[in-house]
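Examining the three-dimensional arrangement
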Amino acid sequence: MSDELGFNKIAGAVLATGLAIFGLGELSNIIFKYEPPAKAGYAIAVSTEAGGGGPAVEAPIDWGTELPKADVAAGKTITAKCQSCHNFDQGGPNMTGPNLYGVLGRAPGSHPGFAYSDGMKAFGAKQPVWDYEHINDFITAPQKYIDGTKMTFVGLKQRQDRINVIAYLHTLGSNLPIPAPNPAATATAAGGASASGAAASGAAASTAAAAAPAATAKK
Ligand code: HEC
């Protein structure tokens, strides 16, 4: 009888220990399992913000809108990154890379006295001019954009950095006109554009609201 009690005590202790271990396991499971949904929820939020348009497709830049309001001085500051390889002065020398004065509007791979890569020459054969879009695509990730280019620069990842740099390049003897603003061309492409459209109509609404009391006051 007392033997049986002893057994029961031991069995009870074993069971309790087992339960405690199981409980800890469950608890850590619960804690551990809690994380992935939190991350998944975050990922969903991000892709929704991007307009659900799929991976890494950027809205086209409306140059007629962006260039006039770009920060040219900031663009010039960013070109410190380029200056180890490029000179930006009119009549300045070629360095590791060609002189970039007047590059916007000139033919890719055409600066006199610079030995371009075959990749850049091939690009120049199909793209007659460095316009805003092509320079933007190139400086985003040079070696991804032009196979075999010898511009070993990682690229400018920030959209606004590129816009500012291109606005600065535009001040350096460029013959390219700034196009008329055309927000409609970019509005359909991405969520970001429609969000700014919403902001714009919000601004229009508040302007109307501000105008209304004035109209009332006149009566
Ligand atoms: C590590 C050196 C290096 C850096 C840094 C660099 N470049 Fe270049 N870049 C080059 C070389 C080399 C070429 C010529 C590419 C070829 O022939 O394939 C070039 C070509 C170019 C061209 C084409 C010029 C033409 O005549 O067709 C542009 C535009 C350009 N670079 C812009 C920039 C800008 C803007 C930056 C800074 C944000 C920059 N580069 C940073 C080395 C560099």
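Residues numbered from 1 in each chain as written. Predicted model: local features only at pLDDT ≥ 70, side-chain atom pairs only at ≥ 80, totals over all residues. Heavy atoms only, no water.

With that out of the way, let us pick up the pattern of salt bridges. One pass over the structure, following the stated rule, counts one salt bridge. Notably, a salt bridge pairs Lys121 with Asp118, separated by 3.8 Å at the nearest N-O pair. Linking Lys121 with Asp118, this pair stays in helix H4 (residues 118-126), spanning three residues, or about one helical turn. (Salt bridge = Lys/Arg side-chain N within 4 Å of Asp/Glu carboxyl O. Helix = DSSP H or I, 4+ residues; strand = E, 2+ residues; numbered from the N terminus.)

Below, the discussion takes up the site of the ligand. Looking at the ligand, there are 26 residues lining it, with Cys82, Cys85, His86, Ser117 and Met151 nearest. Between the ligand and the protein, one listed contact pairs an oxygen atom with a side-chain N or O atom of Tyr116 at 2.5 Å. In the model, an oxygen atom of the ligand is placed 2.9 Å from a nitrogen or oxygen of the Lys150 main chain. No other element matches helix H5 (residues 132-140), which puts three residues into the shell around the ligand. Here the residues of the shell around the ligand sort into 16 nonpolar, seven polar and three charged. (Near = heavy atom within 4 Å. Polar contact = N/O pair within 3.5 Å; in protein donor to acceptor, adjacent residues only side chain to side chain. Nonpolar A, V, L, I, M, F, W, Y, C, P; charged D, E, K, R; others polar.)

Right, let's talk about the coordination of the iron atom of the ligand for a bit. Those protein atoms acting as donors to the iron atom of the ligand are His86 (NE2) and Met151 (SD), and they sit at 1.9 to 2.1 Å. A relative accessible area of 10% means that His86 is categorised as buried. (Donors = N, O, S within 2.8 Å, 3.2 Å for Na, K, Ca; no water. Buried < 20%, exposed > 50% of the residue type's maximum accessible area, 1.4 Å probe, protein only.)

Quick look at the packing of H5 against helix H7 (residues 159-171) now. It is the contact of H5 with H7, at a shortest axis distance of 10 Å, that shows an interaxial angle of 130°. With respect to each other, H5 and H7 are oriented oblique. In this structure, the crossing between H5 and H7 has a hand that is right-handed. Contacts between H5 and H7 involve Tyr132, Ile135, Asn136, Ile139 and Thr140 from the first element and Arg162, Val165, Ile166, Leu169 and His170 from the second. A breakdown of the residues in the contact of H5 with H7 according to their chemical character gives six nonpolar, three polar and one charged. (Axes fitted to C-alpha atoms, helices over the stretch in contact; angles between N-to-C directions. Parallel < 35°, antiparallel > 145°, perpendicular 65-115°, else oblique. Left-handed = near helix turned anticlockwise from the far one by under 90°. Contact = heavy atoms within 4.5 Å.)

These figures come from the coordinates and say nothing about function on their own.
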